[in-house]
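Descriptive structure summary
Letter by letter, the chains look like this.
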Amino acid sequence: MRLAVSKLAAIASAGAIASFALTAWALPPLCPPDILTCGNPTPGTGGDGDGDGVTVAQGDCDDANPLRSPQLPERCGNAIDDNCDAMVDEPACVPLTVAAITDLAATTIRAVSIDLAWTAVPLTPLPGVTYRYDLRSSLTPFDTATWDSATALSGVPLPGQPGGRDAYTVIGLQPGTLYYFGVRVTENAGSVVAQSLVISALTLPPDASTPDGQGTAFDTVPPQPVADLYAVPGYGDITLRWTMPADPQIVRVAIVRTSGSTPSGPADGTNVFLGSGTSVVDTAVAVGTTYTYAAFTYDHAANVSAPVVVSAALLPPPSDGSLVTDGSGTIFLVEGGSLLPLESMVTPEELGLSGDDILLVPASALAGFTRGSVLTVRGEELLKRMDPDHDRLRNYDELQYGTDPGNPDTDYDSYDDGQEVAAGYDPLLPPKARRVDRGLVSRVAGKILLQVDRHGEAWWVHPTRGERYYLRNGKIAYAAMRYLSLGVSTADLARIPRAGTDDRGDAALVKRLSGNILLSVDESGEAWYLDPVDGHRYYLRDGDAAYWLMRYRSLGATTATLEKIPIGTLRGKLR
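Predicted model, so just to flag it, every value in this text is computed and none were measured.

**Section: the overall build of the protein chain**
A count of helical and extended segments in the protein chain gives ten helices and 30 strands. Expressed along its principal axes, the backbone C-alpha trace of the protein chain runs to roughly 85 × 70 × 45 Å. Across the 575 residues in the protein chain, those meeting the buried criterion constitute 47%. In the form shown here, the protein chain has an accessible surface area of approximately 26400 Å², with 54% of it arising from carbon and sulfur atoms. The centroid of the 43 positive side-chain charges in the protein chain is displaced by 12 Å from the centroid of its 68 negative side-chain charges.

**Some points on the packing of aromatic side chains**
The final tally for this structure, using the stated rule, is six aromatic pairs. Note on Tyr179 and Phe181: the rings are 6.3 Å apart at their centroids and 20° apart in plane angle, and the pair reads as stacked. Each member of the pair, Tyr179 together with Phe181, is buried. Ring geometry for Trp242 versus Phe273: centroids 5.7 Å apart, planes at 65°, classification edge-to-face. Within this pair, whereas Trp242 is found in strand E12 (residues 238-243), its partner Phe273 is found in strand E14 (residues 270-275), the two being separated by 31 residues in sequence. For the residue pair Trp242 and Phe273, the accessibility class agrees, reading buried in each case. Note that Arg454 overlies the ring of Tyr415, its terminal NZ or CZ placed 4.0 Å from the centroid. Sitting above the plane of the Trp459 ring, Arg468 keeps its charged end 4.4 Å from the centroid.

**Re the packing of helix H6 (residues 474-483) against helix H9 (residues 543-552)**
Running from amino to carboxyl end, H6 crosses H9 at an angle of 90°, the nearest separation of the two axes being 7 Å. Considered as vectors, H6 and H9 are oriented roughly perpendicular to each other. Contacts between H6 and H9 involve Gly474, Ala477, Tyr478 and Met481 on the former and, on the latter, Gly543, Asp544, Ala546, Tyr547 and Met550. Of the residues that constitute the contact of H6 with H9, the class distribution is six nonpolar, two polar and one charged.

**Quick word on the sheet that holds strand E17 (residues 308-313)**
The sheet built from four strands is open, its strands ordered E14-E13-E16-E17 with antiparallel pairing. The open sheet has two free edges, formed respectively by E14 and E17, since each of these has just one partner strand. The sheet shows a mean angle of 20° between the axes of neighbouring strands, direction not considered. Sheet topology places strand E13 (residues 250-258) next to strand E16 (residues 290-299); eight bridges connect them, and they run antiparallel. If you follow Arg257 over to E16, its bridge partner there is Tyr293.

**Examining the pairing of strand E28 (residues 527-530)**
Because side chains alternate across E28, one face comprises the buried residues Ala527 and Tyr529, and the other comprises Trp528 and Leu530, equally buried. Looking at chain direction, strand E27 (residues 517-520) and E28 are connected through three bridges and run antiparallel. If you follow Leu518 over to E28, its bridge partner there is Trp528. The pairing of E28 with strand E29 (residues 537-540) spans four bridges and is antiparallel. Paired with Ala527 across the bridge in E29 is Leu540. The loop that links E28 with its antiparallel partner E29 comprises six residues; one of these, Gly535, has a positive phi angle of about 70°.

**Let's talk about the state of the cysteines**
With the rule as written, the count across this model stands at one disulfide. Paired by a disulfide, Cys61 and Cys84 hold their sulfur atoms 2.0 Å apart. The S-S bond linking Cys61 to Cys84 shows a torsion near -70°; that makes this disulfide left-handed. Here Cys84 lies in the loop between strand E1 (17-18) and strand E2 (99-101) and Cys61 lies in the loop between E1 and E2, a separation of 23 residues in the sequence.

**Quick notes on the sheet that holds strand E4 (residues 114-119)**
Taken in spatial order, the three strands of this open sheet run E3-E4-E7, and their pairing is antiparallel. Of all the strands in the sheet, just strand E3 (105-109) and strand E7 (165-170) have a single pairing partner and so form its edges. Neighbour to neighbour, the strand axes of the sheet diverge by 25° on average, direction disregarded.

**Brief notes about the pattern of salt bridges**
Evaluated as defined, the whole model comprises 20 salt bridges. The closest approach of N and O atoms between Arg165 and Asp103, which form a salt bridge, is 2.8 Å. Of this pair, Arg165 sits in strand E7 while Asp103 is found in the loop between E2 and E3, placing the two residues 62 residues apart along the sequence. Between Asp148 and Arg136 there is a salt bridge, with the nearest N and O atoms lying 3.7 Å from each other. With Asp148 in the loop between strand E5 (131-138) and strand E6 (151-152) and Arg136 in strand E5, the pair connects residues that are twelve residues apart, well separated along the chain. Among the ionic contacts, a cluster of salt bridges with common partners joins Asp134, Arg136, Asp148 and Arg184.

**Some thoughts on H6**
For H6, the set of buried residues is Gly474, Ile476, Ala477, Ala480 and Met481. Along the axis of H6, the buried positions cluster into a sector of 165°, meaning they face one direction only. The secondary structure elements touched by the buried residues of H6 are strand E25 (468-470), E27, E29 and H9.

**Focus on the confidence of the model for the protein chain**
Confidence in the prediction of the protein chain, expressed as mean pLDDT, is 84, and 91% of residues score 70 or more. The low-confidence segment residues 1-46, where pLDDT is below 50, has 126 contacts with residues more than four positions distant or belonging to other chains.

About the thresholds
- Residues numbered from 1 in each chain as written.
- Predicted model: local features only at pLDDT ≥ 70, side-chain atom pairs only at ≥ 80, totals over all residues.
- Heavy atoms only, no water.
- Helix = DSSP H or I, 4+ residues; strand = E, 2+ residues; numbered from the N terminus.
- Buried < 20%, exposed > 50% of the residue type's maximum accessible area, 1.4 Å probe, protein only.
- Areas by Shrake-Rupley, 256 points an atom, 1.4 Å probe, with all protein chains shown as cover.
- Lys, Arg positive; Asp, Glu negative; His and termini not counted.
- Charge placed at Lys NZ, Arg CZ, Asp CG, Glu CD.
- Phe/Tyr/Trp six-rings, centres within 6.5 Å; stacked < 30°, edge-to-face > 60°.
- Lys NZ or Arg CZ within 6 Å of the ring centre and 35° of its normal.
- Axes fitted to C-alpha atoms, helices over the stretch in contact; angles between N-to-C directions.
- Parallel < 35°, antiparallel > 145°, perpendicular 65-115°, else oblique.
- Contact = heavy atoms within 4.5 Å.
- Nonpolar A, V, L, I, M, F, W, Y, C, P; charged D, E, K, R; others polar.
- Pairing = 2+ DSSP bridges.
- Disulfide = S-S within 2.5 Å.
- Salt bridge = Lys/Arg side-chain N within 4 Å of Asp/Glu carboxyl O.
- Arc of directions from axis to C-beta.
- pLDDT = per-residue confidence, 0-100.

Put into structure tokens, the structure is as follows:
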């Protein structure tokens with residue numbers, strides 16, 4: 001007897017392929033510059049509240065501000081006791097010198113936008129000190145005394161390497177108008193450390209042609225949105241990645257975040273990213289909350305693209321049987337809501353573990369666990385308490401059944417090993433299809449199917465083998481795709497249109513390779529999915545990109561439908 005899928009999943013409707021796809025319409029610095037204690041313990045709890053390496057007991061006079069510490073020099077002229085010696089601006093203080101930014105210039109002038117550029121100046125590295133640009137724009141002249149009267153521009157990059165060129169494009173300007181610009185560098189305490197002179201620039205008249213063909217006065221067409229947006233949840237942060245479309249009008253990307261609703265525009269929600277780039281890590285997130293992120297692109301005329309939206313939540317706290325570390329070097333066993341440190345002589349190798357079996361979890365995500373006593377048991381007793389792959393089988397039992405202690409689903413049939421053992425079925429072999437529907441297999445060959453009446457499990461139907469393969473997560477999806485891929489030359493890839501373009505390519509070649517994972521054999525081994533629905537190839541940048549993209553390009557299918565397609569096992573083939 002084998003585990004019948006219908007026993008564990010409700011059958012919504014028999015036999016039909018539903019036209020269903022997860023909507024993936026489609027992120028801040030690790031610590032936003034204006035939040036001094038981002039991610040640090042609560043001040044006054046006896047630890048190092050501001051993360052400057054000095055506690056209150058060690059003489060920190062302001063444990064909520066890393067810019068006040070006994071290890072810092074006294075800075076002149078800021079009316080602050082920087083070095084915690086109960087004196088302000090004493091004679092031995094370090095003068096606050098302001099470097100000159102000498103070459104701020106308008107490098108390209110258009111009707112509705114202006115490119116600015118300048119040379120980055122040297123900045124003194126100090127513990128706890130970060131630097132940022134303060135770029136201003138105004139319709140009237142301004143200077144140091146009236147700096148705050150000018151408009152602060154958003155999305156300005158962080159200071160680059162000294163001697164390098166930093167740049168910014170001011171968008172949404174009026175044609176034929178004189179603008180004034182100035183830039184300075186400030187530290188996170190607010191002190192100015194570098195300053196430029198204010199320059200002026202006149203935008204082109206509305207009927208003038210622009211130097212690079214961008215930023216015309218009559219442009220009202222929104223730019224293309226970002227592509228391939230996906231979210232990778234962690235225990236303490238959420239990483240978002242996306243692909244920039246080949247649209248020369250795009251100047252920068254804005255990401256906003258909400259919970260409980262979908263952002264309607266770039267001003268609706270919490271701003272988490274504004275600038276150029278293709279990834280960001282959001283650390284200002286809490287366990288138990290689902291966040292919706294919306295990405296918008298801006299062009300030279302400040303037109304805004306349609307939103308690209310994705311939702312994500314932090315991973316739940318590790319469950320009993322997990323092995324975790326907070327980066328301190330200690331390995332803990334999670335048991336009964338407690339963290340039990342393993343004795344220092346126990347190594348992962350002794351436990352038969354790989355690096356993937358020990359979860360790296362930030363201390364903040366482990367705050368809800370109590371700290372138990374050191375666990376000194378060894379060998380069999382420890383194996384009976386460990387379940388690092390969370391398949392409901394302790395490692396001792398995994399040895400008895402021959403299942404993989406580092407893989408919760410040894411036979412890749414979408415059911416955990418422990419779930420199959422508890423139901424009395426073989427965890428080493430996937431179930432055989434009771435009745436194969438060859439017509440159905442032919443219709444869905446090469447497509448990605450989501451099991452809509454379970455938990456949205458993703459399956460890829462191999463275009464020639466006629467078997468479905470379970471894509472449990474990003475790592476498995478990427479490994480499975482590469483293992484089952486078809487090698488093609490760069491010349492053939494060039495004949496297949498890339499997603500996000502209107503190209504049609506070589507129709508005969510596209511039809512012949514439709515639904516395959518294509519692996520470039522001439523260059524760096526890049527993997528592509530040739531979608532049989534639209535005939536375009538999608539770049540599988542990495543495991544997470546592969547998993548999210550494949551789910552986005554999917555069709556819904558019921559359990560009853562999937563049972564008519566044989567399961568192809570990946571057991572022993574991906575390690």
